[in-house]
Amino acid sequence: MVMGSHPVGFGLAVGAAVCSAVSNLSVRKGTERGSTADAILLVAICNVAILLPIVAVVYYPDYGLTRTSLLSFVVAGVLGTLIGRALMFTSIDRIGASRTAPIIASWALISTGLGVVFLDETLSLTHSVGVVLVVSGIAVIAWLTSNDNAADLSGRELLIGLSIPFLAAVAVGWEPIFANVGFDEGTPALVGLSIKSVAAVSGIAGYLWWRDALPAGSTLRGQNAQWFVFAGVTNTLFLLGYYVALTVAPVNVVSPLIVTNTLFVVVLSALFMPERLERVSWQLLAASAVVVAGVALITVSG
């Protein structure tokens with residue numbers, strides 16, 4: 001049994017999945033009246049503020065960085081942590097967390113395809129079944145989303161709204177390809193995670209400064225900012241739980257458990273989120289479960 005063999009890894013992975021779900025829903029609450037750009041910046045700042053001191057102390061004085069690993073983690077941070085997160089938060093603001101999370105979970109499908117192309121990996125029958133489940137579940141979610149928003153959005157707006165989480169999945173799917181280059185150099189996972197976070201916060205801060213759109217002090221003291229900071233703290237706990245779990249349990253145990261964050265998002269949305277923000281039906285819950293099952297098969301067979 002998974003829990004019997006790796007109880008610590010099991011607990012950390014499930015806890016990380018819950019933290020990820022809470023973080024997504026906190027972003028949803030904050031972006032009801034707040035800015036998506038503020039959410040991206042504050043969550044990234046929280047990541048760095050919590051992770052960097054831990055890594056600085058734990059791995060001092062040898063952080064295992066090389067020029068290649070540093071560059072690879074910066075690229076991974078720009079793709080997954082900056083672009084992927086920016087698109088994910090935008091999608092949460094547009095179509096809701098309960099619809100965004102299952103679509104973005106397809107990043108495992110993207111990574112599998114990239115692994116076949118760039119890392120000479122192969123597809124098994126189990127992989128193929130997982131792919132069918134992911135595609136089927138996402139198709140149902142897209143159909144439900146289009147029906148829910150048919151009266152509120154034009155066809156063009158709806159198409160853009162659905163394409164954003166798919167683009168986020170592509171960005172996140174590329175991240176492990178570059179991160180693996182850094183790991184192959186011998187750089188510890190938490191060090192790489194910190195580099196990714198620093199790259200992300202530098203990128204978004206630089207962009208907002210260039211646009212003269214950095215949040216004012218009054219914005220940072222508002223209620224929306226409080227939701228974003230809470231999202232940042234829970235997102236950092238998710239990252240720590242995920243990466244520490246990987247050090248005590250196999251990937252094929254941890255990753256399928258992490259993907260259950262999709263179900264936690266849908267269930268927590270139904271229990272605690274107002275209907276004006278999240279409309280959750282049993283069809284959405286069932287489709288999300290199908291996506292999670294597909295991603296789990298892809299991960300386990302990988």
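Residues numbered from 1 in each chain as written. Predicted model: local features only at pLDDT ≥ 70, side-chain atom pairs only at ≥ 80, totals over all residues. Heavy atoms only, no water.

Next up on the list: the overall build of the protein chain. Helix and strand counts for the protein chain come out as 14 helices and zero strands. For the protein chain, the succession of helices and strands along the chain, N to C, is α-α-α-α-α-α-α-α-α-α-α-α-α-α. If you take every contact in the protein chain between residues at least 6 apart in sequence, the share linking residues at least 24 apart comes to 89%. Approximately 13900 Å² of the protein chain is accessible, and the part contributed by carbon and sulfur atoms is 68%. (Helix = DSSP H or I, 4+ residues; strand = E, 2+ residues; numbered from the N terminus. Contact = heavy atoms within 4.5 Å. Areas by Shrake-Rupley, 256 points an atom, 1.4 Å probe, with all protein chains shown as cover.)

Turning our attention to the side chain of S269. Inspection of the secondary structure puts S269 in helix α13 (residues 261-272). Of the polar contacts made by the side chain of S269, one reaches the backbone oxygen of V265; its length is 2.6 Å. (Polar contact = N/O pair within 3.5 Å; in protein donor to acceptor, adjacent residues only side chain to side chain.)

Looking now at the packing of aromatic side chains. Enumeration according to the criterion identifies five aromatic pairs in this entry. Cluster of aromatic residues (ring-pair linked, three or more members): F238, Y242 and Y243. (Phe/Tyr/Trp six-rings, centres within 6.5 Å; stacked < 30°, edge-to-face > 60°.)

Any region with low pLDDT has predicted coordinates that should not be read closely. Mean pLDDT for the protein chain: 80, with 80% of residues reaching 70 or above. At the level of individual helices and strands, the protein chain shows its lowest average pLDDT in helix α1 (residues 2-5), which scores 50, and its highest in helix α3 (residues 36-58), which scores 92. (pLDDT = per-residue confidence, 0-100.)

Side chains of L65, L70, V74, V78 and I83 sit close together on the surface and give an oily, nonpolar patch of about 330 Å² of accessible area. Turning to its location among the elements, L65 is positioned in the loop between α3 and α4 (67-95). Classification of L65 by relative accessible area gives partly exposed; the value is 38%. (Patch = residues over 30% accessible without salt bridge, like charges linked within 9 Å, V, L, I, M, F, W, Y side chains within 5 Å. Salt bridge = Lys/Arg side-chain N within 4 Å of Asp/Glu carboxyl O. Buried < 20%, exposed > 50% of the residue type's maximum accessible area, 1.4 Å probe, protein only.)

When the terminal C-alpha atoms of helix α9 (residues 189-210) are compared, their 32 Å separation across 22 residues agrees well with the 32 Å that a helix rising 1.5 Å per residue should span. In the stretch just after α9, D212 is the one whose phi turns positive, near 55 degrees. (Expected span 1.5 Å × (residues − 1).)

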